[in-house]
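Chain residues, written in single-letter form:
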Amino acid sequence: MRAYIIRRLITTIPVALGVVTLVFFIIHLTPGDPAQIMLGETAAAADISQLRANLGLDKPIPVQYLSFIKGVLTFDLGASIYTRKSVAESIFEVYPATISLALCSMALAITLAIPLGALAAYRKDTAIDRGAMLASLLGVSTPTFCAGPLLILVFAANLGWLPASGREGLASLALPSITLGMAMAAILSRLTRSTLIEALGEDYITAARARGASGFTVLFKHALSNALLPVVTVAGLQLGGLLAGTVITETIFAWPGLGRLTVEAINARDYPLAQGCVLTISLSYLLVNILVDMLYAAIDPRIRYQ
Amino acid sequence: MKRILTTRNGAAGLTLALGAAVTLTFIMAAIFAPWIAPCSPFEQDLYNGLAGPGPGHWLGQDRLGRDILSRIIYGSRISLTVGFVTVGISVTVGALVGTTAGYLGGKVDEVIMRVCDIFLAFPGILLAIAVMAVLGPSFTNVVVALSIMGWTGFARLARGQTLSLREREFVTAAVAMGAPPARIILRHIIPNLAAPLTVEATFAVAAAVVGEAGLSFLGLGAQPPTPSWGAMLAEGRQFILVAPSLTVWPGLAIMLTVLGINFLGDSLRDRLDPKSDRKP
């Protein structure tokens with residue numbers, strides 16, 4: 001297992017370096033002068049050159065690149081050009097909100113998806129299966145920016161049961177979590193169904209049935225425990241995406257997380273903050289992917305011996 | 001009816017018919033928009049801003065009194081054009097890069113796959129958002145941003161398939177006859193990837209439609225007054241209490257389009273890959 005972890009970490013280093021490089025060059029490939037774009041068309045030449053000097057844009061590209069890498073390694077990603085607050089501090093401030101939303105959405109998705117997928121697999125090719133899969137296809141086909149406003153319309157505007165935006169108390173978690181949870185539940189239930197159908201056709205299931213095990217025991221004790229491995233992987237990857245911030249959902253519900261901070265920074269053309277957010281999101285996504293791989297290898301010994 | 005709902009072939013046929021009908025309806029709406037839209041999508045009627053459904057304006061009017069139905073019909077042009085053009089570019093680039101990596105193997109394969117991993121390290125449409133923030137909002141830039149994000153999936157698929165195809169006898173025969181790698185890739189491998197790439201491309205069109213709407217929703221895609229479903233949804237959100245139809249109709253248009261294309265993709269996968277058994 002240790003050898004697997006070391007191998008996995010070594011293969012991640014060039015990818016992480018590639019991500020850092022890509023994020024660096026996204027800003028530097030901007031047509032025109034980034035300092036001019038940040039300050040606007042009417043900015044004075046002195047202000048532009050001052051900002052260029054502050055951001056280090058007046059230095060040669062290789063020097064800027066090395067200084068950027070050094071900044072990433074020491075968590076010094078510069079400061080926001082508007083609030084003057086350190087980028088790392090701004091990101092750490094909003095991260096708890098993103099984590100709470102991610103965990104709540106994932107819990108909801110798993111609670112919905114596994115029973116639904118199991119039921120569809122157990123009643124394969126019946127109206128129940130078709131209904132469950134139609135519901136999940138509807139979930140897959142409903143983008144969060146469609147579901148979110150519609151949920152606000154029904155549960156906040158018309159019924160007045162739940163708050164429409166902000167982060168005040170547990171109730172404010174409900175609508176953004178449902179919006180994200182439904183989309184993920186749709187994918188997970190389809191995966192649970194297909195892996196369970198495959199597992200139900202295995203010899204050990206026939207053996208369990210021959211020993212007189214009930215349908216419930218066969219499904220939940222024998223089949224589901226084996227079928228859940230790919231579901232755990234996909235759920236882990238989805239959680240990685242959620243922990244990395246959900247840009248659109250956080251914007252819809254004015255949820256003060258990393259995704260919303262990213263959009264605000266981009267709209268304000270606050271490039272140091274935007275660069276820091278994009279980098280944090282992608283590197284944390286990469287980190288969670290590694291953790292999921294390790295978890296998968298810990299659960300299934302076949303993976304680590306490949 | 002019961003038979004259609006419960007048998008596999010009946011349900012698959014129904015799904016295919018539904019998917020094709022919905023997708024074709026939106027494609028026709030996009031092509032014939034000037035003839036079927038009741039009004040110009042840009043024509044303002046400020047006295048009737050946020051008016052509900054009525055004669056001449058079946059789905060109501062937006063903040064500036066523009067006809068919502070006409071803007072939805074014209075909006076399908078943006079969504080579907082971005083969807084098809086983005087996927088066209090992504091499939092072409094992805095298939096060429098993926099087959100090259102898979103066929104040549106070794107260091108070329110290693111480098112290409114690590115580049116793919118770098119692009120895949122950006123969750124959701126984050127990379128497209130970052131690219132749009134730098135390039136600025138425009139139709140071409142939306143296509144560029146979504147294509148930068150979309151080619152990796154096709155490259156991985158093409159590479160995986162090529163690894164098995166290159167061991168097949170017809171490829172060995174072509175190599176023995178002295179065919180150069182470029183000819184083997186273009187004439188022998190890529191034609192054999194048509195089925196899996198078509199299925200993947202169908203789902204990718206749906207993803208690109210969602211991507212375009214998402215970027216426009218965030219204000220990074222099509223700019224006013226261009227009718228775009230995502231931008232309409234974003235504008236409607238501000239008036240959700242007084243005029244919910246501004247949010248409901250564009251939302252429904254996006255959902256139906258994506259659902260129709262996903263139905264089509266599901267059915268194609270069932271037909272072109274009998275082993276899949278409707279994988280998610």
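Refer to the structure printed above.
What this report covers is the structure whose coordinates are included nearby. For every chain, the first residue of its written sequence is number 1, and the numbers climb from 1 along that sequence. Chains carry letters from A onward and ligands carry numbers from 1 onward, assigned in written order. Given that the model is predicted, a residue must reach a pLDDT of at least 70 before its local features are reported, and side-chain atom pairs must reach 80 or more before they are shown or counted; all residues, however, enter totals for whole chains, interfaces and linings.

## Considering the overall build of chain B
This is how the line gets drawn: Under the DSSP-based scheme used, a helix requires at least four consecutive residues in state H or I and a strand at least two consecutive residues in state E, with every element numbered from the N terminus. Here a residue counts as buried when 20 or more other C-beta atoms sit within 10 Å of its C-beta, as exposed when there are 12 or fewer, and as partly exposed otherwise, the C-beta atoms being derived from the backbone. We call two residues in contact whenever the C-beta atoms placed from their backbones are within 7 Å.
Looking only at helices and strands, chain B has 12 helices and 0 strands in total. Put simply, chain B runs from its N terminus to its C terminus through helices and strands in the order α-α-α-α-α-α-α-α-α-α-α-α. Burial analysis of chain B (280 residues in total) assigns 50% to the buried set. Residue pairs in contact within chain B that sit at least 24 positions apart in sequence constitute 68% of those at least 6 positions apart.

## Remarks on the interface of chain B and chain A
Reports of interface size often rely on the accessible area that becomes lost once the parts have come together. The condition that has to hold: Under the grouping applied here, Gly and all other residues not named as nonpolar or charged are polar, the nonpolar ones being Ala, Val, Leu, Ile, Met, Phe, Trp, Tyr, Cys and Pro and the charged ones Asp, Glu, Lys and Arg.
Taken together, the 40 residues of chain B in the interface contact 45 residues of chain A. Breaking the side of chain B that touches chain A down by element, the ones donating at least two residues are helix H1 (2–6), helix H2 (8–31), helix H5 (106–120), helix H6 (126–135), helix H10 (194–217), helix H11 (229–237) and helix H12 (245–272) of chain B. Tallying contributions element by element places H12 of chain B first for the side of chain B that touches chain A, with 7 residues. Taken together, the residues that form the side of chain B that touches chain A break down as 25 nonpolar, 8 polar and 7 charged.

## Thoughts on the packing of H6 of chain B against helix H7 (residues 139–165) of chain B
Residues and elements named next belong to chain B. Just so we agree on the cut-off: With axes taken as lines fitted to C-alpha atoms, and helix axes fitted only over the stretch in contact, angles between N-to-C directions fall between 0 and 180 degrees. Here a crossing is called left-handed whenever its near helix is offset anticlockwise from the far helix by less than a right angle, and right-handed whenever the offset is clockwise.
Direction vectors running N to C along H6 and H7 enclose 145°, while the axes themselves pass 9 Å from each other. When you trace H6 past H7, the crossing you get is right-handed. In this structure, H6 uses Leu-127, Ala-128, Val-131, Met-132 and Leu-135 to contact H7, whose residues at the interface are Asn-141, Val-144, Ala-145, Leu-146, Ile-148 and Met-149. Considering only residue class, the contact of H6 with H7 consists of 10 nonpolar, 1 polar and no charged.

## A few points about the environment of Thr-226 of chain B
Residues and elements named next belong to chain B. The topology assignment puts Thr-226 in the loop between H10 and H11. Assessed through the 19 C-beta atoms surrounding it within 10 Å, Thr-226 is described here as partly exposed. Considering only alpha carbons, one finds Thr-226 and Asp-266, 40 residues apart in sequence, at a separation of 32 Å.

## Description of the nonpolar core
Heads up, the condition is: Each nonpolar core reported here comprises buried Ala, Val, Leu, Ile, Met, Phe, Trp, Tyr and Cys residues connected via C-beta atoms within 7 Å.
Ranked by internal contacts, the top residues of the largest apolar core, which has 165 residues, are Leu-188, Leu-196 and Cys-277 of chain A together with Leu-126, Ala-128 and Ile-129 of chain B. With 17 residues, helix H5 (residues 87–122) of chain A is the largest single contributor of residues to this core. What Leu-196 of chain A contacts, discounting residues up to four positions off in sequence, is Gly-117, Ala-118, Ala-121, Ala-223, Leu-224 and Ala-227 of chain A.

## Considering H10 of chain B
Residues and elements named next belong to chain B. This is how the line gets drawn: Take the number of residues in a helix, subtract one, and multiply by 1.5 Å to get its expected span.
Here H10 is 24 residues long and its end C-alpha atoms lie 34 Å apart, about the 34 Å a rise of 1.5 Å per residue gives. When you tally the buried positions in H10, you get 20 out of 24 residues, the bulk of the element. Positive phi shows up at Gly-219, right after H10, with a value of about 85°.

## Notes on unusual backbone geometry
Omega for the peptide link from Pro-224 of chain B to Pro-225 of chain B comes to 5°, which places this bond in the cis form. Inspection of the secondary structure puts Pro-225 of chain B in the loop between H10 and H11. In this structure, Phe-75 of chain A is a non-glycine residue whose phi angle is positive, near 60°. Mapping Phe-75 of chain A onto the fold places it in the loop between helix H4 (61–73) and H5. Accessibility expressed as a C-beta count within 10 Å gives 14 for Phe-75 of chain A, which makes it partly exposed. Within the chain, Ala-254 of chain A stands out as a residue other than glycine whose phi angle is a positive 45°. Following the sequence through the fold, Ala-254 of chain A ends up in the loop between helix H11 (247–252) and helix H12 (258–267).

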